[in-house]
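Spelled out, the chains give:
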Amino acid sequence: MTCSARPTFTEIHEWVTEYEKHDSVAHATVHVLRQDDPEHLESGMVAIHLNHGPASISLNVDCERTWTAALSERSGEFPLSGGNLIALGEELYTTGKLCEYLQARTDEAAATS
């Protein structure tokens, strides 16, 4: 089932670019990727590589236009110093802020269409 209500790849890319002009995801690398799902090729997702933890986070939007975060862990133990633990917390916090920003922009786009 295709859902045309999802933001497009272009919209998502523009929103992330705009977000990064005034804020950023601390210590992490952010990528906007096209969806692999053949039913949603026009949409995109945001992938965040955490630099202080063995995980990546993907931000996805569903057909109801709701953004969620999925944490994908890597195997292995990872001891952290206090400073690195704080940096990991900053990565998670600022990724959450990006997710909330994308939700706000998605809601705004839905209200004006």
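Undergrad: Any chance you could break down the nonpolar core for me, citing the residues and the numbers?
TA: Core analysis: the biggest nonpolar cluster contains 23 residues, and V46, I48, L59, W67, L98 and L102 have the highest contact counts within it. Among the elements of the structure, α1 (9-22), β1 (29-34), β2 (44-49), β3 (55-61) and α2 (82-112) are those that each provide at least two residues to this core. When residues of this core are assigned to their parent elements, the largest contribution, six residues, is made by α2. Dropping the residues within four chain positions of it, L59 is found in contact with M45, V46, I48, W67, T68, A69, T95, L98, C99 and L102.

Undergrad: Residue-level account of the environment of T10, with values.
TA: Within the secondary structure, T10 is located in helix α1. Judged by relative accessible area, T10 falls into the partly exposed class, the value being 46%. Taking C-alpha positions, T10 is 9.4 Å from V32, a pair spaced 22 residues apart along the chain.

What counts and what doesn't
- Residues numbered from 1 in each chain as written.
- Predicted model: local features only at pLDDT ≥ 70, side-chain atom pairs only at ≥ 80, totals over all residues.
- Heavy atoms only, no water.
- Core = buried A, V, L, I, M, F, W, Y, C linked by side-chain atoms within 4.5 Å.
- Buried < 20%, exposed > 50% of the residue type's maximum accessible area, 1.4 Å probe, protein only.
- Helix = DSSP H or I, 4+ residues; strand = E, 2+ residues; numbered from the N terminus.
- Contact = heavy atoms within 4.5 Å.

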